[in-house]
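Descriptive structure summary
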Amino acid sequence: MDAIARIETGLKGRFGADIKGLSSPSPARLFVDVDRRALRASSKMLIELGGRYMVGIGYDEIARNGTLGLIHTFAFDADHVAVVLRTSAPASDPTFDSITPDIPNAGWSEREYQDLLGMKFTGHPKPKRLILADDWPDGIYPLRKEVPYNLEPPAAEDVAYRLDEAPPGTTIVPVGPFHVSLHEPEHFAVYVDGETIKGCDYRGFMTHRGIEKLCQTQVSYNEVPFVAERICGICGSVHAVCYAQAVETAAGIPISRRAEYIRTIMLEIERLHSHLLWLGIAGHLIGFDTVFMQAWRVREKVMWLAERITGNRKTYGMVVIGGVRRDITPEIRAEIEGLLATLEKEVMVLKNAVIGDSAIHRRTKGVGFLSKEDTIRWSLVGPVARARGLRLDARKDHPYAAYGDMTFDVPVVDSCDVWGTLVVRVLEIFESIAILRQALAGMPADGPILTAIPEALPPLRHAVSMVEAPRGESVHYVITGEENRPERWRVRAPTYPNLQAVPAMLLDNQFADFPIILGQIDPCFSCTDRVAVVDAGTGAKRVLGRAELEGMSRKPEGGGSRS
Amino acid sequence: MSIVAIFVNVLLFLLLAPLFEGVMRRITARVQSRQGPPIVQPYYDLFKLLGKERINSAGNWAFKLAPLAALASILAVVSLVPFGSRVNALGGRVDAITVVYLLTLGGVSVLLGALASRNTFAAIGASREMVTMVMVEPVLAMTLILGAVRTHSLGLGPAVFSTAGAGFSLSTGVMLVAYLLALQAFVAKQPFDIPEAEIEILEGPFIEYSGPDYGMFRIYMMMKQMFYAWLFVAVFIPIGRTGLYPLNILLQLLGTLVVFVVIALVGSTNPRLRIDQAVKIYAVLILIALGAVGLAVAGV
Amino acid sequence: MWLASKIKQVLMVMKPGVVTLKYPFEPRPAPENFRGAPHWDHTKCIGCAGCAEHCPARTIMVRDLCQEIRVLLYDGSRCTYCGRCAEVCPEKAIVMTPRFEQATDDRNDITENLELFMLTCQRCGRCYDMETTSAIDKLGLTGYRYDSLEARTVIRKATDSFRPKELEATERYERPGKTGD
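Residues numbered from 1 in each chain as written. Chains lettered and ligands numbered in written order. Predicted model: local features only at pLDDT ≥ 70, side-chain atom pairs only at ≥ 80, totals over all residues.

For the rest of this paragraph, the subject is the overall build of chain B. Within chain B one finds 12 helices and zero strands. N-terminal to C-terminal, the α/β element order of chain B is α-α-α-α-α-α-α-α-α-α-α-α. The C-alpha atoms of chain B give 19 Å as radius of gyration, which agrees with the globular expectation for 300 residues (19 Å, within 12%). Projected onto the principal axes, the alpha-carbon positions of chain B cover approximately 50 × 45 × 45 Å. Every one of the 300 residues in chain B was classed for burial, and the buried ones make up 52%. When contacts within chain B are restricted to residue pairs at least 6 apart in sequence, long-range pairs at least 24 apart make up 79% of them. (Helix = DSSP H or I, 4+ residues; strand = E, 2+ residues; numbered from the N terminus. Rg over C-alpha atoms; globule rule 2.2 N^0.38 Å. Buried ≥ 20, exposed ≤ 12 C-beta atoms within 10 Å, placed from the backbone. Contact = placed C-beta atoms within 7 Å.)

Glancing now at the overall build of chain C. Helix and strand counts for chain C stand at five helices and five strands. Put simply, chain C runs from its N terminus to its C terminus through helices and strands in the order α-β-α-β-β-α-β-β-α-α. Looking at chain C as a whole, 19% of its 181 residues qualify as buried. Within chain C, residue pairs in contact and separated by at least 24 positions form 73% of the contacts whose partners lie at least 6 positions apart.

Quick look at the sheet that holds strand 2 (residues 60–64) of chain C now. All names here are of chain C. If you trace the three strands from one edge of the open sheet to the other, you get 2-3-5, paired in antiparallel fashion. In the strand order of this sheet, the two ends are held by strand 2 and strand 5 (111–117), each with one partner. Going across the sheet, the axis of each strand differs from the next one's by a mean of 15°, ignoring polarity. Of the strand pairs in this sheet, strand 3 (residues 69–75) and strand 5 are connected by seven bridges, and their pairing is antiparallel. Within strand 5, the position partnered with R70 by the bridge is L116. (Pairing = 2+ DSSP bridges. Axes fitted to C-alpha atoms, helices over the stretch in contact; angles between N-to-C directions.)

This next bit is on the confidence of the model for chain C. Do not read the predicted coordinates in detail wherever pLDDT is low. Predicted confidence across chain C gives a mean pLDDT of 73, with 65% of residues reaching 70 or more. Contacts from residues 145–162 of chain C, a stretch scored under 50 in pLDDT, to residues over four places away or in other chains number 29 contacts. (pLDDT = per-residue confidence, 0-100.)

Attention now moves to the environment of B:Q184. Residues and elements named next belong to chain B. With respect to the helices, strands and loops of the structure, Q184 is situated in helix 8 (residues 170–186). With 21 C-beta atoms packed within 10 Å, Q184 lands in the buried category. Along the primary structure Q184 and G22 are separated by 162 residues, whereas in three dimensions their C-alpha atoms are 17 Å apart. In contact with Q184, other than residues within four places in its own chain, are K189, P191, F192, I263, V266 and G267.

Once that is clear, we can look at the pairing of strand 2 of chain C. Note on strand geometry: in a regular strand, side chains alternate between the two faces of the sheet. All names here are of chain C. Where strand 2 lies against strand 3, five bridges are found, and the strand directions are antiparallel. Residue pairing in the sheet places V62 in a bridge with L72 of strand 3. Here strand 2 hands over to strand 3 after four residues, the two strands then running antiparallel side by side.

Attention shifts here to the interface of chain B and chain C. Contact residues are listed per partner, giving seven residues for chain B and 10 residues for chain C. A class-by-class count of the residues in the side of chain B that touches chain C yields two nonpolar, three polar and two charged. (Nonpolar A, V, L, I, M, F, W, Y, C, P; charged D, E, K, R; others polar.)

Counting residues in hydrophobic clusters, the biggest one holds 268 residues, and the most contacted among them are A:V83, A:V190, A:Y243 and B:M223. When neighbours within four sequence positions are excluded, A:Y243 is seen to be in contact with A:V224, A:P225, A:A228, A:H476, A:V478 and A:W489. Judged by nonpolar contacts, the second largest core, of 15 residues, contains C:C48, C:Y74, C:C85 and C:I94. (Core = buried A, V, L, I, M, F, W, Y, C linked by C-beta atoms within 7 Å.)

Further remarks concern the packing of helix 9 (residues 289–310) of chain A against helix 10 (residues 330–355) of chain A. Any two packed helices are characterised by the angle at which their axes cross and by the distance between the axes. Residues and elements named next belong to chain A. Remark: helix 9 packs on helix 10, axes separated minimally by 11 Å, with the N-to-C direction vectors making an angle of 170°. Considered as vectors, helix 9 and helix 10 are oriented roughly antiparallel to each other. Across the interface between the two elements, V291, Q294, A295, V298, K301, L305, R308 and I309 of helix 9 pack against I332, E335, I336, L339, T342, L343, E346, V347, L350 and V354 of helix 10. Considered class by class, the residues forming the contact of helix 9 with helix 10 number 12 nonpolar, two polar and four charged. (Parallel < 35°, antiparallel > 145°, perpendicular 65-115°, else oblique.)

As a further point, take the sheet that holds strand 14 (residues 472–480) of chain A. Residues and elements named next belong to chain A. Taken in spatial order, the three strands make up an open sheet running 13-14-15, and their pairing is antiparallel. The sheet is open, and its two edges are formed by strand 13 (462–469) and strand 15 (486–492), each paired on a single side. Taking the axes of each pair of neighbouring strands and ignoring which way they run, one obtains an average angle of 15° across the sheet. Bridge count between strand 13 and strand 14: eight bridges; the pairing is antiparallel. Each bridged residue has a counterpart across the sheet, and for S465 the counterpart in strand 14 is H476. Against the sheet, helix 7 (residues 236–251) touches strand 13, strand 14 and strand 15, its axis set at about 40° to strand 14.

Residues and elements named next belong to chain B. Close contact between helix 10 (residues 211–236) and helix 11 (residues 245–268) brings their axes to 8 Å; oriented N to C, the two are set at 115°. By the angle class used here, helix 10 and helix 11 are roughly perpendicular. Remark: the crossing between helix 10 and helix 11 carries right-handed chirality. Two secondary-structure elements touch here, helix 10 through M226, A229, W230, F232, V233 and A234 and helix 11 through Q252, G255, T256, V259, F260 and I263. Broken down by class, the residue content of the contact of helix 10 with helix 11 amounts to nine nonpolar, three polar and no charged. (Left-handed = near helix turned anticlockwise from the far one by under 90°.)

Attention now moves to the pairing of strand 2 (residues 29–34) of chain A. Residue and element names in this part refer to chain A. Burial along strand 2 is one-sided: the residues L30, V32 and V34 are buried and none of R29, F31 and D33 is. One ladder, built from five bridges, connects strand 1 (residues 19–26) with strand 2; its direction is antiparallel. When the bridges of strand 2 are listed, I19 appears paired with V34. Between strand 1 and strand 2, which pair antiparallel one after the other, the connecting turn spans two residues. One ladder, built from five bridges, connects strand 2 with strand 5 (residues 81–90); its direction is parallel.

This part covers helix 10 of chain B. Here helix 10 of chain B contains 26 residues, and its C-alpha end-to-end distance of 38 Å stays within 8% of the 38 Å for a straight helix at 1.5 Å per residue. The element helix 10 of chain B is largely enclosed, with a buried count of 23 among its 26 residues. (Expected span 1.5 Å × (residues − 1).)

As for its placement among the helices and strands, A:V384 is situated in helix 13 (residues 383–386). In this structure the C-alpha to C-alpha distance between A:V384 and A:V424, which are 40 residues apart in sequence, comes to 8.8 Å.

Residue and element names in this part refer to chain A. Relative to the elements of secondary structure, A512 occurs in the loop between helix 17 (502–506) and helix 18 (514–520). The exposure class assigned to A512 is buried, which follows from the 26 C-beta atoms found within 10 Å. Note: C-alpha distance between A512 and R363 (149 residues apart in sequence) is 9.5 Å.

Chain-level statistics for chain B give a pLDDT mean of 86 and a share of 95% at 70 or above. Confidence scores differ between elements of chain B, with helix 9 (residues 198–201) of chain B showing the lowest mean pLDDT of 55 and helix 2 (residues 41–50) of chain B the highest of 95.

Here it is as C-alpha cells:
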C-alpha cells in the first residue's frame, strides 16, 4: 500500500490536472488515467520511482467513444505492485508521444500499434514496420474492429523488407528466414567482419497468427485458454493460466485453493520440461549432441508424467476460467512423487557431467556479455536477467496461484554471460522439484476444482496478470467484453523484451557463437511472433537513435549518444 | 604381386571406409542412448546420393571439378600407401612428401568447391577449412618426416614404418601424443569439426553440393578418415608386421577399427570449439610435433 | 577436471542404455486418461449439441434435417483433442479414446456421423425436458456460458462481421515498389 500511496502522491504532485483518475481495485494494482500530453513524462516518472516497463497495449474504442486507447504497464517488483497507465486519443488524431527514447523496451510495443491500429508516435527512433508484412496495404489496421479477422489482401511481388545498411567492411550473413539453429522462420541479418559480429538487423513476425484478433472476435471466454495454450510450443500452460487469472481478476471470480495448487503443479512441471529442453538445445547449439540427447532422455519422463496427468504431453488443456478441468488423484500424486525422486538423481548426474566440463566452459563463459546496467535499461526478464545479478521472479514479486505459500530460492548469478544462464536454469530445476514437493504436501485435501459462474461476466473491466514462464515473465492484459469474449487481450511473452536486446549481446562476439547467444534467451519465437527485431547495440549507446540501426550496427566512433 | 597390392589398397579403402563411418555413427548413437542407424547406413546414403540429379548451382567448371579432384587425390593417396606392410609397385617410386602433397590437394579441392559455390556460408566454411588445413597438416607432415629422419630415408615404406625400421623411442612417443591429439582435427570430428559446423553455417563448404557431387565429397571424407586412422596404426602400433600379407591387412584393419572407436567416443563427448580457440590448440600441437622432430634429429 | 567430466559423461550413459523403441514395431501404448480421438455413442446421445457449442475448433456440426431427424457430424479434421466435448456431454456419450495414430488420406476415417431420431415435445414441438431443467441449462452453470441459443442448430459462420466493402478498399491502395526502387 505504501508503494501505491507513494506513486499516487508523486504523480498527482507533478501532473495535477493531467491525471484524470486513479483507482486501486486491489492492493497490488494501480490504474492511472492520464491525459496524453503527460504520457511521456509520467512514464519517465514511473521508471524513476523504481518501475520496470512491461508492455504497451493499444485498443480500439472508436465505436464507443471515438477514441483509440493506449496503455502502458509497469511493474514495481520490490513493492509487489503493478501500475497501469491509461490514456487515449481521438481516432481522428491518434498521435501520442513516444516513450521509447526514455524506455528502449517500449520500441516494439509502439511499432506494433503503429502497424495494427494506425497510431502515430512522435519521436520514435525507428518507426519501421514491425508486424505486418511489407506488402500489407496502408490504411488497413487489423486490430481495428471494422477489419475482419480473416482479411487477406492479395500479395505483391518482389517486395522485401528493407534491412539496414551493413557497416562498412562487413559482409552480411543471412541467418534466416530458414536456418538450422532457428526453430521458427526469422531473419537475422548478421554483419560480420571475418568471424566477428559487428552488427545485426532482424525482421520477424513472419508467422504472426493473429491470435489476439481471433480471440477478440470469434471465440468465447472459455475457448481462449485452448488457443492460448497453443501460442507456444513449450510453455502453453503459462499463457492459459495467465489469461485465466487476468479474467478472474477482472470479473472478480474467486477460485478454489485446490485449483490454485493444481495450477501451480502444472506450471512447475512445465518449467521442468522446458529447462531440460533448453539444456539439450544449448548443448546442440555448441555442437555437443550427447548433452542434447541425454537431457531430452531425462525430459521424456516429465512428458510422460504430464501425459498421465492431463492427457497430453504438452497442451495440457487443464485451465478454464474458474479453475481447472482435471483433478490430481492419489495415484497420480504417488506417480509425481516417484518421478521427482528419479528426476532429482538424473538431473544431478547431468549437472555433474556438464558443470565441470571445461570444453563447455570455453564455449559459454564470456560469451554474449551484457552488463547489469544494460539489462536494467532494456527491461529484460527471466534467466537472462537473473544471470546478470537481477533478482526478478514473478513468483516472488507478484505472487499468484499458490506461490505465496511456497518457500523456494531464486537463483541469481552475476557472470553476465551464457554460462550464467546455464547455471541459473540448472539450479531452477532443483528449485522446481522442491516447489512440487511442497505443493503436493500442502494441497488442500479436497474441495472443488472448478467454480460455477452463475451469470455473465461484467464487461469492460481491466486486469493485468503476470506469470513466471520458464523464459521469464509473461504478461497478459485483459479487458472483458460483451458477447462472452474478451474485448481486448494482449499477450506479452518473455521473449518479446529479451529479443530486443539480442543485438547488444551479439556485438563483438564470434559468429560461431551466434546460435548460443541467441539460445541463451531461450527464444520462443512463436510466443513472440509478433516480432523480432534485432538492433545492434553497443554498450555505450543509450538510445535507439533515429538511424538507430546505423548507430547500433557500427562501432561508436568516439562514443556518445545520439537522440 | 605388388601391382595386385595397389588394387587391394584401393578396393579395401573404398569399400571399407563407409563401414567404419557406420561404426562411428553407431557408437555415437549408443553414447546418446539411442539405437542408431544400421552399420551399413553410409552405403545406403552413398547409393542414394549417386542416384540423384546432378545440379550445378554455381554454374562454373570449378564447381564441377572440385569433387572429382578431391576423390582423385584421396584415391591416389590410398593407392600409394604401404597397406599391410607391403610396399606396392607405386609406393616404391614415391616418397613421403608426395603423400603430403596429395592430401593437401584434397583439401584444396574442398576449398575450390566452397569458393566456387558463391555462397556466404560456404565462404565462411572455406576460411575455416583453410585455417584448419594450414594449422593441422604440418603435424601429419612432421609425422612422416620423423619417420624419414629416423630411418634416414624419405621413401614411403620406411617413413611410415619407422617404428618397425628403427624401433620405438622418445621422439616417437612425443609424436604419438601429438598425432593422437590432432587426430580429431584430421578426421573433422568434435571438438574440431569446425569447418562443417552444421548448426552455425549449414554444412559450410558443402552447402551448395547435392547429389553425386556431394556423394563424391562424402566418400572422400570417409576415405580420408580411414587413411588417418590407419596411418596412426601403421606408424605407431607395431602390429601387422607378420610375414603374411593377408594377416597384416586384417590386423591393421582391426587396429583401425579400434582407433575409430576412440574417435567416436571422443567425438561424442565433446562440444565443438570455435575456430579461434581451436587455432590455439593447433599451435601447441605443431610445437609438440616440432619438438618430436627435434628430438629425432638429436638422435633420441 | 576435464577428464573426470568426460568419464562422468560416458558413465552417465551406461545406466539407462538405449531408450529408444523401434516404433511402430515396438509401440508404446497411451496411458489412461489420454485424450485421443473422441468417440460418440449414438445410443446415449440426446442431441443437445452441447459438444458442438463448446468445441473450440468448430469441428462438430449439428443440423436438423427435418422435424424429427438431427444430424451430428464430427469432422475430425480440425479436432485438437481438447476433450471439452466429452467433459460437457450430460449423458457421457462421448469418450476420449486412446487413439492417436490418426494420420490418413481418407477424411472418412476420422469422421463420425450420427443421425438421431428426436422425439417431439407436445408443448413446444422440440426435444423434451429432462428433470425440470434442460441439459443446456445444466451446462450453463458449471463454468461455461453460452453465446446464443440459435447456435445449437447451426454452426456459427466464420465471417459474421465481414463487410465486402473492406475488400474493395484493398484494391485501390498504393503498393510499395519493387525492391531496389
